[in-house]
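Below are the chains, spelled out letter by letter.
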Amino acid sequence: VWPVATAHSGSPDARGLIESVVMMNTSQQTAPNAIEAGVPEAYDLRARTMEVLDFSAIRERVALHASFHPARRLALQMTPSYVGREVEVLQRETAEGLTFLGEAGDIGLGATEDASYAVDRAAKEGTLSGLELLAVADLLEAQRRVRSAVLSVGRRTPLLAGLAEGIPDLRELERGVRAAIGLLGEVVDAATPRLGPLRRQVQVAYEQVTDVLESVLRSSAGKEALQDQVISIRGERLVVQVKTDMRNRIPGIVHDASNSGATLFVEPFVTVGLCNTWRELVLEEERETQRVLRDLSQLVGAVAEDIKRGGELTAQLDFILARARYSATLKGVAAMRSPGPEGPGDADGARIRLLKARHPLLGGDAVPVSVHVGPAWSALVITGPNTGGKTVAMKTVGLLALMNQSGLHVPAEQGSSLPVFDGVYADVGDQQSIQRSVSTFSSHMRSVIDILAQSTPESLVLL
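Everything quoted here is computed from the prediction, not taken from an experiment.

Focus: the overall build of the chain
Here is step 1: Along its length, the chain carries 15 helices and 8 strands.
Here is step 2: Split into buried and exposed, the 463 residues of the chain put 47% on the buried side.
Here is step 3: In the chain, of all internal contacts separated by at least 6 residues, the share reaching a separation of at least 24 is 70%.

What follows is the structure, encoded as structure tokens:
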């Protein structure tokens, strides 16, 4: 197939061009597909075409409709398939995504932070912080929610249900994390039977130390010898600020001095025993807290592979829903045509049939264009004045073909259809190479030669 947009010319020169192109195409019909033969240049040509047709902008718009962080990455990496069976599955997935949105409503997964790094570290026996454990719990909640929502309408969406069924049920781990970790990532008092009472003992011991220190501050010696009437901490010990020249008025242990040397930070002897008790309890509380984090991290590490598999399936489901959401904003239609006994043409034999198709990146400024190619011809020439819409028409056909083969619905009217091309190749615009010192025309010819070497009778070529 060699369609080159929508046509008009009855001149002998134009007919000669079409005849020569068709002859070149016919001469290649027995050549193997360059992609199947493993020719790397074919991949380069496809990538170049996606750039020329602004396919990256479509990826970005699909990514904006993803609510799950890893799904956004899938959208930004979205690539058209050139295999009919794969495209059919992609289109069925998107259709089921629209069915799900219509029946169950949209679902915001909420897990905006990527927790994969934390899961990997837990799998390597690392201890996660409270915030990292919360990120894992958010991930598990997203997996649980999408699994439940999709399975609730599973009869109407069998492909999506098949993916959802593969998501492991890890709600007990999610509950365990949320029961032990507070909203700010702190280990809560109820995390273990011992932690709450231990923290209360820490508070009582701290108050006992500060009560004695405050009596020192209020004493006559304190009022005379202290630089400031405040309690400070140095080296995890509670101290008071003593003037250097009155060091002997407050007997105790010196833990630090000010930069000027005028102030000493002294722990009075009368509070050393109390402070020891307080510090011992603090260390015991820290060990208990660390034990909670370590135990939860081990639970995460034990099911790390299940979490990863669930995350991948959740990302795939949200990516499908993102395609469906974006297709809905376009008010698009499914243009995928299933091959029948007569071949891949429509009932009227057309290979390409686009009805009032709109360029998806032009918004309300898009002028609809209808394009038909075939049944008995495969080359189409557009003629017309500058700024007449020729390039936009060509790019519309090419971009809609890429979208169709990426599983997206296309902005056109019902009844539109496209085949599955084994390659989409484009040489549009000025591609003069200054580095190679070749003319604009020579650059175009080099591109055309590359396209001729890689295309087949089932390719779409835009020149």
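Back to the write-up after that little detour.
With respect to the packing of helix 7 (residues 130–152) against helix 9 (residues 171–180)
Here is step 1: Look at helix 7 against helix 9: their axes get within 9 Å of each other, and the N-to-C directions meet at 145 degrees. The chirality of how helix 7 crosses helix 9 is left-handed. Every residue of helix 9 that contacts helix 7 at Leu133, Leu134, Ala137, Asp138, Leu140, Glu141 and Arg144 is listed here: Arg171, Leu173, Glu174, Val177 and Arg178.

Quick word on helix 3 (residues 55–64)
Side chains that are three or four residues apart share a direction in an α-helix, a result of its 3.6 residues per turn.
Here is step 1: Along helix 3, the positions that sit buried rather than exposed are Phe55, Ile58, Arg59, Val62 and Ala63. Burial along helix 3 is one-sided: seen end-on, the buried residues are contained in an arc of 140 degrees.

Structural notes on the pattern of salt bridges
Here is step 1: Applying the stated rule across the entire model yields 26 salt bridges.
Here is step 2: For Asp138, the salt bridge is made with Arg178, and the minimal N-O distance between the two is 2.8 Å. In this pair, Asp138 is assigned in helix 7 and Arg178 in helix 9, connecting sequence segments 40 residues apart.
Here is step 3: We classify Asp138 as partly exposed; its relative accessible area is 31%.
Here is step 4: A salt bridge links Arg144 to Glu174, with the nearest nitrogen and oxygen atoms 2.9 Å apart. Remark: Glu174 occurs in helix 9 and Arg144 occurs in helix 7; sequence separation between them is 30 residues.

Re helix 13 (residues 304–330)
Here is step 1: Taking 1.5 Å of rise per residue, the 27 residues of helix 13 would be expected to cover 39 Å, and the 39 Å separating its terminal C-alpha atoms lies within 8% of that figure.
Here is step 2: By the criterion of burial, helix 13 is predominantly enclosed, with 19 of the 27 residues buried.
Here is step 3: Positive backbone phi, approximately 55 degrees, marks Lys331, located one or two places after helix 13.

Describing the packing of aromatic side chains
Here is step 1: One pass over the structure, following the stated rule, counts 1 aromatic pair.
Here is step 2: Each ring, one from Tyr206 and one from Trp278, has its centre 5.6 Å from the other, and the planes form 50 degrees; the classification is tilted. You can see Tyr206 sitting in helix 10 (residues 195–218) and its partner Trp278 sitting in helix 12 (residues 269–302), a full 72 residues away along the chain.
Here is step 3: When its relative accessible area of 32% is taken as the criterion, Tyr206 is described as partly exposed.
Here is step 4: On the basis of relative accessible area, Trp278 is assigned to the buried category, the value being 9%.

What to know about the sheet that holds strand 1 (residues 226–234)
Pairing between the strands of a sheet comes from backbone hydrogen bonds, and it takes one of two forms, parallel or antiparallel.
Here is step 1: With respect to topology, 4 strands assemble into an open sheet ordered 1-2-4-3, the strand pairing being antiparallel. Bordering the open sheet on either side are strand 1 and strand 3 (252–257), each of which pairs with just one other strand. The average angle at which neighbouring strand axes cross in this sheet is 35 degrees, direction not considered.
Here is step 2: As paired strands, strand 2 (residues 237–243) and strand 4 (residues 263–268) are joined by 4 bridges and run antiparallel to one another. Considered in strand 4, the bridge of Gln241 is made with Phe265.
Here is step 3: Together, strand 2, strand 3 and strand 4 form the strand contacts of helix 12, whose direction differs from that of strand 4 by roughly 75 degrees.

Description of the side chain of Glu285
Here is step 1: Checked against the element boundaries, Glu285 lands in helix 12.
Here is step 2: Excluding residues within four positions of it along the chain, Glu285 makes contact with Leu195, Leu198, Arg199 and Val202.

Details of the pairing of strand 4
Here is step 1: Of all 6 residues in strand 4, 6 are buried, a share of seventy percent or more.
Here is step 2: With burial as the criterion, each face of strand 4 is covered, one bearing Thr263, Phe265 and Glu267 and the other bearing Leu264, Val266 and Pro268.
Here is step 3: Relative to strand 4, strand 3 runs antiparallel, the two being bridged by 5 bridges. When the bridges of strand 4 are listed, Asp256 appears paired with Phe265.
Here is step 4: Linking strand 3 to strand 4, which pair antiparallel, is a turn of 5 residues; within it Gly261 sits at a positive phi near 80 degrees.

Let's talk about unusual backbone geometry
Here is step 1: Here the residue pair Gly374 and Pro375 is connected by a cis peptide bond, since its omega of 5 degrees sits within 30 degrees of zero.
Here is step 2: Of note in the backbone geometry, Glu125 takes a positive phi value of approximately 70 degrees without being a glycine.
Here is step 3: Tracing the backbone through its elements, the reader meets Glu125 in the loop between helix 6 (116–123) and helix 7.
Here is step 4: Look at Glu125 and you get exposed, because its relative accessible area is 75%.
Here is step 5: Positive phi, close to 50 degrees, is recorded for Lys356, a residue that is not glycine.
Here is step 6: Looking at where Lys356 falls in the secondary structure, it is placed in strand 5 (residues 352–357).

The rules behind the values
- Residues numbered from 1 in each chain as written.
- Predicted model: local features only at pLDDT ≥ 70, side-chain atom pairs only at ≥ 80, totals over all residues.
- Heavy atoms only, no water.
- Helix = DSSP H or I, 4+ residues; strand = E, 2+ residues; numbered from the N terminus.
- Buried < 20%, exposed > 50% of the residue type's maximum accessible area, 1.4 Å probe, protein only.
- Contact = heavy atoms within 4.5 Å.
- Axes fitted to C-alpha atoms, helices over the stretch in contact; angles between N-to-C directions.
- Left-handed = near helix turned anticlockwise from the far one by under 90°.
- Arc of directions from axis to C-beta.
- Salt bridge = Lys/Arg side-chain N within 4 Å of Asp/Glu carboxyl O.
- Expected span 1.5 Å × (residues − 1).
- Phe/Tyr/Trp six-rings, centres within 6.5 Å; stacked < 30°, edge-to-face > 60°.
- Pairing = 2+ DSSP bridges.

By themselves, these observations are geometric and do not establish any function.
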